[in-house]
Amino acid sequence: MSLREKVVQLADLLLASNKTVVLTGAGISTESGIPDFRSPGGLWSKVDPMYAFSAETFIYRPAAFYEAGLPHLNTIMSAQPNRAHEVLAGLEKAGLLACVITQNVDNLHQKAGSVRVLEVHGHLRSATCMKCGSKITWDYLLDKVFAGQIPPRCSDCQGVYKPDCVFFGDSLTADFEVAIRETADSDLMLVVGSSLEVAPVNHLPMMAKELAIVNVGPTAADHKAGLLINHKAGETMDLLWNELLKRGAVKQEA
Ligand code: NAD
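**Q** Would you mind showing me how to read the site of the ligand here?
**A** Every one of the 28 residues lining the ligand counts as a neighbour, but Arg38, Gln103, His121, Ser194 and Ser195 are closest to it. In this structure, glutamate 31 approaches the ligand through a side-chain N or O atom, which is 2.7 Å from a nitrogen atom. Measuring from an oxygen atom of the ligand, one finds a side-chain N or O atom of asparagine 215 at 2.9 Å. For the ligand, whose accessible area on its own is 850 Å², the fraction buried by protein is 93%. With respect to the pocket detection grid, the ligand is positioned in the largest pocket. Two domains each provide a minimum of three residues to the shell around the ligand, namely domain 1 (1-34 + 81-121 + 172-254) and domain 2 (35-78 + 123-165).

**Q** Is there a simple way to think about the side chain of serine 54 in this case?
**A** Mapped onto the elements of the fold, serine 54 is located in the loop between helix H2 (49-52) and helix H3 (55-60). Assessed through its relative accessible area of 9%, serine 54 is described here as buried. The residues contacting serine 54, other than those within four sequence positions of it, are Pro49, Phe167 and Phe168.

**Q** Please explain the layout of surface pockets as it appears in this structure.
**A** Using a probe with the size of a water molecule, rolled over the atoms, empty space left in the structure can be pinpointed. By volume, the largest pocket amounts to about 1,200 Å³. When the residues that make up the lining of the largest pocket are grouped by side-chain class, the tally is 25 nonpolar, 18 polar and six charged. Residues lining the lining of the largest pocket come from more than one domain, with at least three contributed by each of domain 1 (1-34 + 81-121 + 172-254) and domain 2 (35-78 + 123-165). A volume near 210 Å³ is recorded for the second largest pocket. Residue lining of the second largest pocket: 12 residues in total, with Gly90, Lys93, Ala94, Trp241 and Glu253 positioned closest to the centre.

**Q** Is there a simple way to think about the sheet that holds strand E5 (residues 135-137) in this case?
**A** Either a parallel or an antiparallel arrangement is found when strands of a sheet pair, and the pairing is made through backbone hydrogen bonds. Spatially, the three strands line up as an open sheet ordered E5-E4-E6, and their pairing is antiparallel. Two strands close off the open sheet at either side, each with one partner strand: E5 and strand E6 (161-165). If you compare each strand with its neighbour and ignore which way they point, the axes differ by 40° on average. Where strand E4 (residues 122-129) meets E6, four bridges bridge the pair, whose relative direction is antiparallel. The residue of E6 that forms the bridge with glycine 122 is cysteine 165. Lying on the sheet, helix H4 (residues 63-78) is in contact with E4 and E6; it crosses E6 at an angle near 50°. Where helix H7 (residues 138-146) meets the sheet, it contacts E4, E5 and E6, and its direction lies at approximately 85° from that of E5.

What counts and what doesn't
Residues numbered from 1 in each chain as written. Predicted model: local features only at pLDDT ≥ 70, side-chain atom pairs only at ≥ 80, totals over all residues. Heavy atoms only, no water. Near = heavy atom within 4 Å. Polar contact = N/O pair within 3.5 Å; in protein donor to acceptor, adjacent residues only side chain to side chain. Areas by Shrake-Rupley, 256 points an atom, 1.4 Å probe, with all protein chains shown as cover. 1 Å grid on protein atoms, 1.4 Å probe; cavity = no way out; pocket = protein on both sides within 12 Å on 5 of 7 lines; lining within 4 Å. Sits in = over half its atoms within 2 Å of the grid points. Domains from an automatic or database assignment. Helix = DSSP H or I, 4+ residues; strand = E, 2+ residues; numbered from the N terminus. Buried < 20%, exposed > 50% of the residue type's maximum accessible area, 1.4 Å probe, protein only. Contact = heavy atoms within 4.5 Å. Points joined across faces, edges and corners; volume = space filled by probe spheres on them. Nonpolar A, V, L, I, M, F, W, Y, C, P; charged D, E, K, R; others polar. Pairing = 2+ DSSP bridges. Axes fitted to C-alpha atoms, helices over the stretch in contact; angles between N-to-C directions.

The structure is reproduced here in structure tokens:
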């Protein structure tokens, strides 16, 4: 089946569904210049995220996270949403999408205009002192890091600041409970840009009544998907938007 035929099928699924949720991962943001973990040339080929981004390492050697993450922090913060983020925001505005469940910490769904975003792995908008619990903004944290304070420390108690994102081994955010309810209550889940290798988020597609996946490489849930589109998210979502426009299901903008 051609890409266009698959997109027509995706539009059919979306329009037949009473409630659709989307699950996104790092792959949706590669076209915005942020490397994912598992693509060739992704972060995994440069650092071992299971070491540098693990909760245990952060406690015993917090500098490992800041050293490995430093080259990427500016890239992430200055990145702009791409066509796939824009189309998802447009679908929500058109009443065709209940929420975006994202594993990403890059804020790009919000920058694109999505309103209901469940950040199951947290975000990079703030950091918390591991000793006294005080919070600082991400900009203040970066000021400290780029001034050479690695790891950055609390001015009051000298505790180390941990970003408010989920590390390997941490519990997920409270948004994950909401994501479970939203998935259970939906007719269709669309996955965009995730290998679905990371647990427990990868249990969500297993709960979906109907599953469609847009991902360049293979995922751990390909066997369960009724529709599998192995293509880039930006072009696929743009084709979807044009198909929905043709059918009068959405308006011009987005
Ligand atoms: P992953 O790296 O395991 O998988 C990404 C998947 O996206 C791959 O299977 C790849 O084939 C696919 N992909 C890459 N570019 C694509 C494109 N343009 N269109 C469609 N598919 C594309 O990522 P994951 O499943 O999200 O799991 C990694 C964990 O690390 C998650 O928690 C993730 O959020 C986090 N992470 C986040 C960011 C970010 O916030 N942008 C970046 C790196 C890692």
